[in-house]
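Chain by chain, the residues:
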Amino acid sequence: MKQILITGTALVLLFLLSGCSTAKFEAEHDFKVMDFDYTNQKNEQVSLASLKGIPWLAMFIYTRCDTVCPPMTSNMMDVHAAIENEGIQNYKIVGFSVDPAYDTPEVLDNYLSYYPVENESKWELLTGYEQTEISQFALQSFNTVAKKLTGSDDVIHDIKYFLVDSNGTVVKSYDGYSNVPTQDIVSDLKKLAQ
């Protein structure tokens, strides 16, 4: 009987410890987001300081994009729905426009209205900066490209989603276009939001 009790206790302890190890978050990146203070789709200021203390998902999009941006935004809606279904409350979704001269707050607000947003207060679509600034910001903060093509409305930008922790550090990135790992994103965000 004593042997069964010891074995049972060891199994319970092993189960509990293995549960703890799966909850550990492992970062893939360590990019510090530069300080910023931009305007969202509601014409409100959003800064790195205002996001401090909460994890957030970032992406680079623009409203005149007719190739990768609509699927990326739609996919982020699916990720957002999964986050809400999981009951996570402490997070934001931040979209940086890579075409700020065209993407005014009104244009961004209209763009978002075409998608089924469950909780719009979680979304911050940002503009209010120069083209050169967003190019430098993307490169220095996210190690990614956002470059307007000469003589065109097109902007080259990454199709990744970036997970930023509550201290403003980019810790992971995911495919945001064709093979979106929704459950991994939700799981990672949940670990950071706790």
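As a reminder, the structure under discussion sits directly above these lines.
Figured I'd write up the structure that's included with this text. Each chain has its residues counted from 1, running along the sequence as written. Whole-chain, interface and lining totals are the exception, using all residues; otherwise, since this is a predicted model, local features are given only for residues with pLDDT of at least 70 and side-chain atom pairs are given and counted only at 80 or more. Excluding hydrogens and water, the side-chain values take into account all heavy atoms of the structure.

Observations regarding the overall build of the protein chain
Thinking step 1. A run of DSSP states H or I qualifies as a helix once it reaches four residues; a run of E qualifies as a strand once it reaches two. Both are numbered from the N-terminal end. Along its length, the protein chain carries six helices and ten strands.
Thinking step 2. Each residue is placed in one exposure class: buried if its accessible area under a 1.4 Å probe, protein chains only, is under 20% of its type's maximum, exposed if it is over 50%, and partly exposed if it falls in between. For the protein chain, buried positions account for 45% of its 194 residues.
Thinking step 3. Note on contacts: a residue pair is in contact if any heavy atoms of the two residues lie within 4.5 Å. Pairs at least 24 apart in sequence give 72% of the contacts found in the protein chain among residues at least 6 apart.
Thinking step 4. Looking at the protein chain as shown, the accessible area adds up to about 10,200 Å², and 53% of this sits on carbon and sulfur atoms. With residues, only the protein chains shown are counted as cover, and all accessible areas are computed by Shrake-Rupley using a 1.4 Å probe.

With respect to the pairing of strand 5 (residues 92-97)
Thinking step 1. Across the six residues that make up strand 5, a large majority, six, are buried.
Thinking step 2. Side chains of strand 5 alternate between two faces, with Lys 92, Val 94 and Phe 96 and Ile 93, Gly 95 and Ser 97 buried alike.
Thinking step 3. The rule for pairing is simple: two strands pair if DSSP sees at least two bridges between them. Sheet topology places strand 4 (residues 56-61) next to strand 5; six bridges connect them, and they run parallel. Bridge pairing links Leu 57 to Ile 93 in strand 5.
Thinking step 4. In terms of handedness, the path from strand 4 via helix 3 (residues 69-86) over to strand 5 forms a crossover that is right-handed.
Thinking step 5. Handedness of a crossover: with both strands directed away from the viewer, a clockwise path from the first strand across the helix to the second marks it as right-handed. Following the chain from strand 5 across helix 4 (residues 105-113) to the adjacent parallel strand 6 (residues 123-126), one finds a crossover that is right-handed.

A few points about the sheet that holds strand 1 (residues 31-32)
Thinking step 1. Pairing is mixed across the open sheet formed by six strands, whose spatial order is 1-10-9-4-5-6. Each end of this open sheet is capped by a strand with a single partner; those strands are strand 1 and strand 6.
Thinking step 2. In the sheet, strand 1 pairs with strand 10 (residues 169-175) via two bridges, with the strands oriented antiparallel. Directly across from Lys 32, in strand 10, lies its bridge partner Thr 169.
Thinking step 3. Sitting on the sheet, helix 4 touches strand 4, strand 5 and strand 6, and the angle it makes with strand 6 is about 135°. Every axis in this analysis is a line fitted to C-alpha atoms, fitted for helices over the stretch in contact. Angles between the N-to-C directions lie between 0 and 180 degrees.

What to know about a nonpolar patch on the surface
Thinking step 1. Candidates for patches are residues over 30% relative accessible area with no salt bridge; among them, like charges are joined within 9 Å and nonpolar side chains (Val, Leu, Ile, Met, Phe, Trp, Tyr) within 5 Å. Each salt bridge in this description consists of a side-chain nitrogen of Lys or Arg and a carboxyl oxygen of Asp or Glu lying within 4 Å of one another. On the surface, a nonpolar cluster with roughly 230 Å² of combined accessible area is contributed by Val 145, Leu 149 and Ile 156.
Thinking step 2. In this fold, Val 145 is placed in the loop between helix 5 (131-142) and strand 7 (146-148).

Focus on unusual backbone geometry
With the exception of glycine, most residues fall at negative phi, and the peptide bonds are largely trans.
Thinking step 1. Within the chain, Asn 43 stands out as a residue other than glycine whose phi angle is a positive 65°.
Thinking step 2. When you line up the elements, Asn 43 lands in the loop between strand 2 (37-39) and strand 3 (45-47).
Thinking step 3. Positioned with a positive phi, Asn 143 is a non-glycine residue whose angle comes to about 55°.
Thinking step 4. Residue position: Asn 143 is located in the loop between helix 5 and strand 7.

Section: the environment of Val 155
Thinking step 1. Residue position: Val 155 is located in strand 8 (residues 155-157).
Thinking step 2. In this view, Val 155 contacts Tyr 62, Val 98, Asp 99, Gln 131, Ala 146, Lys 147 and Lys 148; residues no more than four positions away in its chain are not counted.

A look at the pattern of salt bridges
If the charged atoms of two oppositely charged side chains come close together, the side chains can form a pair.
Thinking step 1. Under the counting rule described, the total for this entry stands at nine salt bridges.
Thinking step 2. Note that Asp 153 is salt-bridged to Arg 64, the shortest N-O span being 3.3 Å. Pair noted here: Asp 153 is in the loop between strand 7 and strand 8 and Arg 64 is in the loop between strand 4 and helix 3, with a separation of 89 residues, a long-range link.
Thinking step 3. By relative accessible area, Asp 153 is classed as partly exposed at 44%.
Thinking step 4. The class for Arg 64 is partly exposed, based on a relative accessible area of 30%.
Thinking step 5. Among the ionic pairs, Lys 92 bridges to Glu 124, the shortest N-O distance being 2.9 Å. Separated by 32 residues along the polypeptide, Lys 92 in strand 5 and Glu 124 in strand 6 bring together distant segments of the chain.
Thinking step 6. You can call Glu 124 buried: its relative accessible area is 8%.
Thinking step 7. Look at the salt bridges and you will find they share partners, linking Arg 64, Asp 99, Lys 148 and Asp 153 into a network.

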